[in-house]
Amino acid sequence: MASINVWQHSVSDPVLQFKDDSNDTYKATHVIVRSAMFKDGVMKVHKVMELYSANPANTSIMLNEKSTPSCLALYVRMCKDCAFHIATAKVYTREMVENATENWQRIVLKNNASERITEISIRTVEKATSKNEKFWYISGAIQGCKDDDWECPTNTIGKNCLPCNILVKETCGSGRIYYTSENNTFCSCSAGYKMNAQSKDCTDQCLPGTYGHNCKRQCRRCANRTCNNVDGSCECEVNFTGKTCNQPILPIVKKAPTLIMAQQQKLQINLNLEYDGQLTATHYQIQYKQQGREWRNGIKSEYQSAQGTLDVNDLTPNTNYWIRVILHVKDNRVYDGNHIPILITKTVCADLNKPSIYLTQLVTSNSTSVAVMYPRKEVCHPLLQFRVCLSREFMLECHTLDNTASFNDLDYYTDYKVELQKNEITTSTWTIQTNEGPPEQVQNVRHGKTTNTNIELVWDVPKKKNGKIMGYRVQYYRTSNKACPNMTQVESQSNTINVEGNSALIDNLEPYSTYEALIWAFTTYEGSPNTFKFDTMESSTLMKQEFPKPTYTSSKDTLDVHFQWNCSTWGGPAIFAVNLVCKSPWCNGSTEKKLGLISFNTSLPKSLKFSTISYTNYTVMMSLERNNVSISKNSLFRKGPSERKET
């Protein structure tokens, strides 16, 4: 006789008892029992994880009398071409699965609460089968089920509640298991995890507030609605303990303060200092704040009784306030989290007077400003009974105070008298000063002492300063060399210096050059610049880099010498001379000389022509003279196969 028993955890007697005289009906090769280390769940049977029968005959499965339930849930599947009936013994057609596929299906068997299930009847109607086909399977039996609220224990995985320790793992973790049916593969995650839509792995934990298989359970029993994603055990916030996290450690008052009376700058409140907590409160302290701001501390007082009144002073009129009580323990520890009850109340509005008037200003670029007068939010309405007046140019300009009163086209950095009137009677007066603005242009720019490398620039202060002058900026760059103004490359990057007074010395300039300078004053705003051009003097010395670079073009009897001038290095007017000296023995030292006076009004020579003899050596001698100082530069040249060497 074959016999297999299925137990529910922590129940000593089996739930299902399988018996058959054929000795091979169930072919049980392994029986796996859920040990006491697991809190819930049922055991799984042999290596294919189900009980099955290869016998199409009717079968009855007896339940142990000591554990007979009124509801039994289990998973079944059957052969493809079979009609399968499973029911309690009294109602044979209670559940029927007909022409089903080989997928597992959950079956719930129920009797009335007074009728216990003592026997399960299974009937298989064979339609077409092969010799070794298994006709039915049973797995995952659990008693005391609910219609749609039953699910696998937390430390199992898969639709058939496969225990993770069978997979050589103590816990499921973020494991997954695959099922293949009709060439389709399905994945099932372990408790506390869900499928990642992109990676298709079980790497995403349940969202906060949910847990369990498929993340369909909610953490309703936890005080903070936060629990472990796998088994639903509550995860307490700081200062809370207990199975449902509803027991504070440091004391917290049970009720928020209540309002007795509200005034413009004071709130009188009643305190209820009864509290919950494992530790004893020694002192209490009021905290108050405006919404969105930091808590401000009141006076810390000794805890004597559970009742009392208190005034909160120096508040802003017509403003919402949050008020709460925090409790200190002996070592001065305190809980100041979000679970402290709060009183939300408001001070009353204030009558309008001069301190209630605000002034804002908008500075524009055309030397005007706009002053806007508006009342604070704590001022009592209606505002149409008030008006604001401003005195300028012997006139009084008034505007009704309907949220704002604007005065346009005011001068920068100027004092104005302002009046507040209520029903056309002046209640207060005061003086305002408009903001600074951009100063006007500096006046009368001129130069002082000038050399070939520096210059002193001087100017007068702006006619309208429009504020306190903080300093001046001078920006300058070279535009050309005076020897060749149309050939000099303009400097792409300017230089800027800051000075405190109305003069500036600019040095390290290039000689014999034209510069452009921009000069402006600044307050807290930048003024508009005034443009000034100036020239540096010629250099008193000569430098080698002032020589042009010569190139040569030779014909039968002549030599053309071409000059490439670097205008950026030219230091001023000079006498430029070129001599061509014959160096061959048959020339007898003959010399041909060309002179050119280079000045501001004379263009630089581009080429000179000399008469020459073929196959003769020459020296091209260039010289520059300025202020009775001269320098020279020579170049060797051979007519015919040419060869040159500079010295």
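Residues numbered from 1 in each chain as written. Predicted model: local features only at pLDDT ≥ 70, side-chain atom pairs only at ≥ 80, totals over all residues. Heavy atoms only, no water.

1. Details of the overall build of the protein
So, point 1. Along the backbone of the protein there are 0 helices and 52 strands.
So, point 2. In the protein, which comprises 647 residues, the proportion classed as buried is 44%.
So, point 3. Taking all contacts inside the protein whose residues are at least 6 apart in sequence as the whole, residues at least 24 apart take part in 59%.
So, point 4. Surface exposure of the protein reaches about 35,500 Å², of which carbon and sulfur atoms provide 46%. (Helix = DSSP H or I, 4+ residues; strand = E, 2+ residues; numbered from the N terminus. Buried < 20%, exposed > 50% of the residue type's maximum accessible area, 1.4 Å probe, protein only. Contact = heavy atoms within 4.5 Å. Areas by Shrake-Rupley, 256 points an atom, 1.4 Å probe, with all protein chains shown as cover.)

2. Things to note about the pattern of salt bridges
So, point 1. Per the counting criterion, the structure on display carries 8 salt bridges.
So, point 2. One salt bridge connects E526 with R473, and the closest N-O pair in it is separated by 2.6 Å. Taken together, the residues span a long stretch of sequence, with E526 in the loop between β44 (513-522) and β45 (530-535) and R473 in strand β41 (residues 471-481) at a distance of 53 residues.
So, point 3. Across the pair R626 and E546 runs a salt bridge whose closest N-O atoms are separated by 2.8 Å. Of this pair, R626 sits in strand β51 (residues 617-626) while E546 is found in the loop between β45 and β46 (549-554), placing the two residues 80 residues apart along the sequence. Comparing R626 with E546, the two get one shared label, buried. (Salt bridge = Lys/Arg side-chain N within 4 Å of Asp/Glu carboxyl O.)

3. Things to note about the environment of K417
So, point 1. For K417, the location among the structural elements is in strand β37 (residues 415-422).
So, point 2. Owing to a relative accessible area of 44%, K417 belongs among the partly exposed residues under this scheme.
So, point 3. A sequence separation of 12 residues divides K417 from T429, and the C-alpha atoms of the two residues are 7.2 Å apart.
So, point 4. Setting aside anything within four residues of it in sequence, one finds K417 in contact with C389, L390, S391, T429 and W430.

4. Overview of the sheet that holds strand β40 (residues 455-460)
So, point 1. What the 3 strands build is an open sheet, ordered β39-β40-β43; its pairing is antiparallel. With partners counted over all chains shown, the strands left at the sheet margins are β39 (443-450) and β43 (503-506), one partner each. Ignoring strand direction, the axes of neighbouring strands in this sheet form an average angle of 20 degrees.
So, point 2. Here 4 bridges tie β40 to β43, and the two strands are oriented antiparallel to one another. Bridge pairing in β43 places I455 opposite I506. (Pairing = 2+ DSSP bridges. Axes fitted to C-alpha atoms, helices over the stretch in contact; angles between N-to-C directions.)

5. Looking at the state of the cysteines
So, point 1. One pass over the structure, following the stated rule, counts 6 disulfides.
So, point 2. Linked covalently through their sulfurs, C222 and C234 form a disulfide whose S-S length is 2.0 Å. An S-S torsion of about -90 degrees defines the bridge between C222 and C234 as left-handed. With C222 in the loop between β20 (217-218) and β21 (240-241) and C234 in the loop between β20 and β21, the pair connects residues that are 12 residues apart, well separated along the chain. The same class applies to C222 as to C234, namely buried. (Disulfide = S-S within 2.5 Å.)

6. Observations concerning the environment of G192
So, point 1. Within the element layout of this structure, G192 appears in the loop between β16 (184-189) and β17 (193-194).
So, point 2. Here the alpha-carbon distance between G192 and V230, two residues 38 residues apart in the chain, equals 3.9 Å.
So, point 3. Once residues lying within four places of it in the same chain are set aside, the contact partners of G192 are D204, Q205, C206, G212, H213, C215, N229 and V230.

7. As for the side chain of T536
So, point 1. Within the fold, T536 resides in the loop between β45 and β46.
So, point 2. Owing to a relative accessible area of 2%, T536 belongs among the buried residues under this scheme.
So, point 3. A polar atom in the side chain of T536 sits 2.7 Å from the backbone oxygen of E510.
So, point 4. For T536, the side chain forms a polar contact with the main-chain nitrogen of Y512, separated by 3.1 Å.
So, point 5. The contact partners of T536, leaving out residues within four places of it in the chain, are T450, T451, N452, K482, L509, E510, P511, Y512, S513 and Y515. (Polar contact = N/O pair within 3.5 Å; in protein donor to acceptor, adjacent residues only side chain to side chain.)

8. What to know about the packing of aromatic side chains
So, point 1. Overall, the coordinates contain 8 aromatic pairs when judged by the stated rule.
So, point 2. Their ring planes at 90 degrees and their centres at 5.4 Å tell us that F563 and F576 sit as a pair that is edge-to-face. Taken together, the residues span a long stretch of sequence, with F563 in strand β47 (residues 558-564) and F576 in strand β48 (residues 574-582) at a distance of 13 residues. This pair shows no difference in class: F563 is buried, exactly as F576 is.
So, point 3. Here W565 and F576 contribute two aromatic rings whose centre-to-centre distance is 5.1 Å and whose plane-to-plane angle is 75 degrees, an arrangement assigned as edge-to-face. Here F576 lies in strand β48 and W565 lies in the loop between β47 and β48, a separation of 11 residues in the sequence. (Phe/Tyr/Trp six-rings, centres within 6.5 Å; stacked < 30°, edge-to-face > 60°.)

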